[in-house]
Amino acid sequence: MVSRVIPVEPFDLVIFGGTGDLARRKILPGLYRRFWAGQLPEEARIIGASRKPMSDEEFRAFAREAIDAFAIEGAGDAEMVAAFLDKLGYVAVDAKGDGGWPELGARLRDGTVRAFYFSVGPSLFGDLAERLHKYEMATPDCRVVVEKPFGHDLETAQELNGTLAKFFAEKQIYRIDHYLGKETVQNLMAVRFGNILFEPIWNAQYVDHIQITVAETVGVGGRGAYYDKSGAMRDMVQNHLMQLLCLIAMEPPNMFEPDAVRDEKLKVIRALQPVEPHHIVRGQYGQPEQEDGYRAEAGDPRSKTESFVAMRVAVQNWRWAGTPFYLRTGKKLRARESEIAVVFKPTPHSIFGDQAEPQRNVLTIRLQPNEGMELDVTIKEPGPGGMRLIDVPLDMSFAEALAEESASVPEAYERLIMDVIRGNQTLFMRGDEVEAAWAWTDPIIDGWQDRGDVPKPYDIGSNGPDDALALLHRDGRKWRDIKEHRTKK
Ligand code: NAP
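Below or above, wherever it landed, is the structure these notes cover. (Residues numbered from 1 in each chain as written. Predicted model: local features only at pLDDT ≥ 70, side-chain atom pairs only at ≥ 80, totals over all residues. Heavy atoms only, no water.)

## Observations regarding the overall build of the protein chain
Okay, so step 1: Looking only at helices and strands, the protein chain has 15 helices and 15 strands in total.
Okay, so step 2: Over its C-alpha trace the protein chain gives a radius of gyration of 24 Å, about what one expects of a compact globule, namely 23 Å for 489 residues.
Okay, so step 3: A principal-axis box enclosing the C-alpha atoms of the protein chain has dimensions of 80 × 55 × 45 Å.
Okay, so step 4: For the protein chain, the proportion of its 489 residues judged to be buried stands at 54%.
Okay, so step 5: In the protein chain, 78% of the contacts between residues at least 6 apart in sequence involve partners at least 24 apart.
Okay, so step 6: Summed over all atoms, the accessible surface of the protein chain reaches about 21,600 Å², with 52% contributed by carbon and sulfur. (Helix = DSSP H or I, 4+ residues; strand = E, 2+ residues; numbered from the N terminus. Rg over C-alpha atoms; globule rule 2.2 N^0.38 Å. Buried < 20%, exposed > 50% of the residue type's maximum accessible area, 1.4 Å probe, protein only. Contact = heavy atoms within 4.5 Å. Areas by Shrake-Rupley, 256 points an atom, 1.4 Å probe, with all protein chains shown as cover.)

## So, the sheet that holds strand β5 (residues 143-146)
Okay, so step 1: In space, the six strands of this open sheet follow the order β3-β2-β1-β4-β5-β6, with parallel pairing throughout. Bordering the open sheet on either side are β3 (88-92) and β6 (173-175), each of which pairs with just one other strand. Strand after strand, the sheet turns through a mean of 20° between neighbouring axes, direction not considered.
Okay, so step 2: Note that strand β2 (residues 45-50) and β3 share five bridges and pair parallel. Paired with Ser50 across the strands is Ala92, a residue of β3.
Okay, so step 3: In this fold helix α2 (residues 56-70) packs onto β2 and β3, with an angle of close to 120° to the strand it touches most, β3.
Okay, so step 4: Strand contacts of helix α5 (residues 125-134): β1 (11-16), β4 (113-118) and β5, with the helix running at about 155° to β4, the strand carrying the most contacts. (Pairing = 2+ DSSP bridges. Axes fitted to C-alpha atoms, helices over the stretch in contact; angles between N-to-C directions.)

## Structural notes on the sheet that holds strand β8 (residues 280-285)
The pairing of strands in a sheet happens through backbone hydrogen bonds and is either parallel or antiparallel.
Okay, so step 1: Across the sheet, nine strands lie side by side as β14-β13-β12-β11-β7-β10-β9-β8-β15; this open sheet has mixed pairing. Bordering the open sheet on either side are β14 (389-397) and β15 (456-458), each of which pairs with just one other strand. Across the sheet, the mean angle from the axis of one strand to that of its neighbour is 20°, orientation sign disregarded.
Okay, so step 2: In this sheet, strand β12 (residues 362-368) lies alongside strand β11 (residues 337-344) in antiparallel orientation, the contact comprising six bridges. Bridge pairing in β12 places Val342 opposite Leu363.
Okay, so step 3: Contacts from helix α15 (residues 466-473) reach β7 (207-215), β8, β9 (308-313), β10 (325-330) and β15 within the one sheet, and its direction differs from that of β9 by about 10°.

What follows is the structure in structure tokens.
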């Protein structure tokens, strides 16, 4: 079934918040998939820890339900699930109290890789870190995994970094941005730096502009009250879109090694020009009074939080001078689609004269649906009638091209958790990166607040507010249609 999967070292993984939504939907099913793929060693141990009193057996029942609901169809049989559940245990602890901690310590083995997943709200990070030290569970090599949101602004991100730094070295801290765990995102680096074809033309001389779109069809739903305190800028742009931008724009690191990659990403963030207010469009889905509109779902009829943002961003360095990056993300849009499109300039001279309109090469990196890449290449339209040019896609869907291996291709969370066990921080954000991203984002958000900016309503199921279209029209460019799914099915 599975090829080329190398098991990780034996480990003890404690999931604080083991009974929470993230553990249920992502962490436990993801770990099971890695077990099914043959990547977890016999000696792996996974311990759930939250306040709720539960026996090992009850936690295993919880994990079984999570696997049934969220691990992919056909992922093993009952025997395989039972073998995985054998690795699970549970200890009730309160991050803010002292009960249960000695019991948790007693479950951990010496000389085994030790990782603590803080799948709880950030307000508990300091309490957990303190108690891990107090009860002597934090070894110099242990790892801690923390989730987004990593801060609400620069100040809170600095506070969180400061809290963690009191107890752990930077090399022990794994800040998860699950976008970095996606196969396509890593392939972006493989394509850029593993081929001679792209890098020589990956600059302002040949690239007209770049579009990064992360479009969702879902709204804020039951998370409305929580989301209303953050908005698209904090929830998506400061982290996910910023990370994608970094990987597209960064200089080649000298090695595929954590700090070499993260140093280059940090340089990109520091090279970002402050964004002018007329280069940003904010939106809210639905009309203010609409029942399934943003304000109703957020529970605030006067909310000024954005569920959509589109912006023109400039990277101020030699490579990208004059090449705009257009970023766009939103909820309740026409389709669920995440892609990066590198739009190249037209040929400098058309030998075909007036009879053929010059086309453009576009490299599209699709993150969802159907991860893959596509390169639009200009060819002659077949048949009689002279030299007419058309674009055809060279399309590579990973699911098709790598059909044999696809069973063993880990999803983002799975890959990232395995990287934690391996001690590889390449796909995790460093503290200074996160702070630099907030330092760039904060003035934009502060500007909205100071001006009392109100997001533009946009129709549910649309491409976003019309002003977002104008953002590119003004530059003589056009957004790629969110509806187009350039995927083979
Ligand atoms: P959740 O469903 O509210 O779960 C929180 C977990 O923390 C529960 O297991 C809870 O169990 C435990 N907990 C709460 N207070 C505790 C305490 N004092 N001591 C020990 N355990 C405590 O939250 P979640 O959705 O899983 O999110 C967890 C973290 O991941 C949050 O920071 C969230 O922002 C982040 N995140 C979540 C998602 C997602 O899809 N859910 C996505 C990205 C990031 P008890 O009440 O039994 O203690």
